[in-house]
Amino acid sequence: MGDIDPAFIQSTEHRPKSKAAVEVGEIPVIDLSSQNKQQLISEIGKACEEWGFFQVIKHGVPFEVSRKVEIVADKFFKQSIDEKKKVKRDEVNAMGYHDGEHTKNVRDWKEVFDYLVEDTTQVPSSHEPHHKELRTLTNQWPQYPPDFREALQEYAREVENLAYKLLELILLSLGLAGDKFHGCFKDQLSMVRLNHYPPCPFPDIALGVGRHKDPSALTVLAQDDVGGLQVKRKSDGEWIPVKPTPDAFIINVGDIVQVWSNDKYESAEHRVVVNTERERFSVPFFFFPAHHVMVKPVEELLNEQNPARYREYNWGKFFANRNRSDFKKRDVENIQIQHFWIVD
């Protein structure tokens, strides 16, 4: 995974808290098969507001579909680095394999494979406002394992359906029409990431993934039984481990829903801690709209007491800016939704 640069040794704030410090409080587990829809909407709204995270069970995604992904991902990542790099992502096409050698944050201890739900889609060629040209992103599929593409595309479609259902419930909990933003996801930029975290011999100076928030509308995550995901609890700032629940998905509110809700539902910080003995797999689905979508607070939620807290921004330009920073060290901070805050 590359050498660890001492300059990046994490601060005490980044190190996992003691077990006693994080045992109290767990993110909600919600049964999506509940026949009481109003109660379900209420539970999801409460989880979004209090945590920004929740788990769902009885969600409708067949177990065998998820299992196929686990099998082909394991086969893919066990190949030699040379084989995996045959589908390596680069600055032109951000889809494919990535081993972390370009990352600015060497604490991230993992390798990944990214692919689009739509297989091919378009994004702005530059994040600069005056640039109008688009470029094409295309999935790269390895030859081995032979059923890799089929398994991953089937998984993407199943989880996409779940994401639409969850977004509908979240919007209903805000008092909005459940399908209000369905059109924003036509020609979507949604993507799936296979994460592989090898055992790490440097648990005091490495994280699987550093603290961050997701820029998506929402993220649907499958994790194995190893665990490692931690959520920063809003009430007191403590890092709370998300205990693996069999056949569950972990859902978190992304920045787009935070903006749409005008901060009622805040995107929560999260991170992944490493394991010294066992490898770990996880599969996040990032629900991204199309490149042309403008993101801003929903007008129905605004009034004199609750004015808009964000200027609108173009999702494609936002994506292009974040994508560019993955490959080139830049002199400016990576763009965040805070850059669109309206200051009183």
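Quick note: structure is the one above.
One structure accompanies this document, and this report is about it. Since the model is a prediction, treat every value here as computed from it, not as a measurement.

Examining the packing of helix α3 (residues 63-77) against helix α5 (residues 148-173)
- Packing of α3 against α5 brings their axes to within 9 Å, and their N-to-C directions diverge by 140 degrees. With respect to α5, the axis of α3 lies oblique. You can see that α3 and α5 cross each other, and the crossing is left-handed. Taken together, the residues of α5 that come into contact with α3 (itself represented by Val65, Ser66, Lys68, Val69, Val72 and Phe76) are Phe148, Ala151, Leu152, Glu154, Tyr155 and Glu158.
- Split by residue class, the contact of α3 with α5 holds eight nonpolar, one polar and three charged.

Here we look at the sheet that holds strand β14 (residues 280-287)
- Read across the open sheet, the eight strands follow the order β1-β2-β12-β9-β14-β7-β4-β3; overall the sheet is mixed. Each edge of the sheet is formed by a strand with only one pairing partner; in this case those strands are β1 (29-31) and β3 (96-98). In this sheet, adjacent strand axes meet at a mean angle of 25 degrees when their direction is disregarded.
- Here strand β2 (residues 53-57) runs beside strand β12 (residues 249-253); their pairing, made up of four bridges, is antiparallel. Note that in β12 the partner of phenylalanine 54 across the bridge is isoleucine 251.
- Docked against the sheet, helix α2 (residues 37-50) engages β1, β2 and β12, running at close to 160 degrees with respect to β1.

Looking at the packing of α2 against α5
- One can describe the packing of α2 onto α5 by two numbers: an axis separation of 8 Å at closest approach and a directional angle of 85 degrees. Accordingly, the angle class assigned to the pair α2 and α5 is roughly perpendicular. Note on element contacts: α5 touches α2 through Glu168, Leu169, Ile170, Leu172 and Ser173, opposite Lys37, Leu40, Ile41, Ile44, Gly45 and Cys48.

Remarks on the nonpolar core
- Among the nonpolar cores identified, the biggest contains 81 residues, and Phe113, Leu152, Tyr155, Val220, Phe249 and Trp260 are the most heavily contacted of them.
- Look past the residues within four positions of tyrosine 155 in its chain and what remains in contact with it is Val65, Ser66, Val69, Tyr115, Val192, Ala222, Phe249 and Val283.
- Among the nonpolar cores identified, the runner-up in size contains 13 residues, and Ile27, Phe53, Leu221 and Val242 belong to it.

Examining unusual backbone geometry
- Between tyrosine 144 and proline 145 the backbone carries a cis peptide bond, its omega angle lying at -5 degrees.
- By the secondary structure assignment, proline 145 is in the loop between β6 (134-138) and α5.
- The phi angle at lysine 58 is positive, at roughly 50 degrees, despite the residue not being glycine.
- Owing to a relative accessible area of 56%, lysine 58 belongs among the exposed residues under this scheme.
- One non-glycine residue, asparagine 262, adopts positive backbone phi at about 55 degrees.
- Residue placement: asparagine 262 occurs in the loop between α6 (255-260) and β13 (270-272).

Here's the deal with the pairing of β14
- β14 sits mainly inside the fold: eight of its eight residues count as buried.
- Side chains Arg280, Ser282, Pro284 and Phe286 of β14 all project onto a buried face; the interleaved residues Phe281, Val283, Phe285 and Phe287 project onto the opposite face, where all are buried too.
- Pairing geometry for strand β7 (residues 191-197) and β14, over five bridges, is antiparallel. Within β14, the residue paired with asparagine 195 across the bridge is serine 282.
- Two strands pair when backbone bridges link them, and strand β9 (residues 218-223) and β14 are joined in this way by six bridges, in the antiparallel orientation. By the bridge assignment for β14, glutamine 223 is matched with serine 282.

Describing the pattern of salt bridges
- As enumerated under the stated definition, the model contains 24 salt bridges in all.
- For lysine 86, the salt bridge is made with glutamate 83, and the minimal N-O distance between the two is 2.9 Å.
- For lysine 86, a relative accessible area of 60% gives the class exposed.
- Residue classification places glutamate 83 among the partly exposed positions, given a relative accessible area of 35%.
- One network of salt bridges, in which partners are shared, links Arg89, Asp114 and Arg193.

Considering α5
- An ideal rise of 1.5 Å per residue puts 38 Å on 26 residues; α5 measures up with 37 Å between its terminal C-alpha atoms.
- The first or second residue beyond α5 is glycine 175, which carries a positive phi of 85 degrees.

Considerations on the sheet that holds β13
- Spatial strand order, β8-β13-β10-β11: four strands in an open sheet with antiparallel pairing. Looking at the sheet topology across the chains shown, the edges are occupied by β8 (209-212) and β11 (239-241). When the angles between neighbouring strand axes are averaged without regard to direction, this sheet yields 20 degrees.
- Across three bridges, strand β10 (residues 229-232) lies against β13 in antiparallel orientation. The residue of β13 that forms the bridge with leucine 229 is valine 272.

What about the side chain of aspartate 214?
- Of note, aspartate 214 is situated in the loop between β8 and β9.
- For aspartate 214, a relative accessible area of 4% translates into the label buried.
- Within the structure, aspartate 214 has its side chain in polar contact with the side chain of threonine 219 (distance 2.8 Å).
- Here aspartate 214 is in contact with Thr219, Asn252, Gly254, Asp255, Ser267, His270 and Phe286, once residues within four sequence places are set aside.

Conventions adopted
- Residues numbered from 1 in each chain as written.
- Predicted model: local features only at pLDDT ≥ 70, side-chain atom pairs only at ≥ 80, totals over all residues.
- Heavy atoms only, no water.
- Axes fitted to C-alpha atoms, helices over the stretch in contact; angles between N-to-C directions.
- Helix = DSSP H or I, 4+ residues; strand = E, 2+ residues; numbered from the N terminus.
- Parallel < 35°, antiparallel > 145°, perpendicular 65-115°, else oblique.
- Left-handed = near helix turned anticlockwise from the far one by under 90°.
- Contact = heavy atoms within 4.5 Å.
- Nonpolar A, V, L, I, M, F, W, Y, C, P; charged D, E, K, R; others polar.
- Pairing = 2+ DSSP bridges.
- Core = buried A, V, L, I, M, F, W, Y, C linked by side-chain atoms within 4.5 Å.
- Buried < 20%, exposed > 50% of the residue type's maximum accessible area, 1.4 Å probe, protein only.
- Salt bridge = Lys/Arg side-chain N within 4 Å of Asp/Glu carboxyl O.
- Expected span 1.5 Å × (residues − 1).
- Polar contact = N/O pair within 3.5 Å; in protein donor to acceptor, adjacent residues only side chain to side chain.

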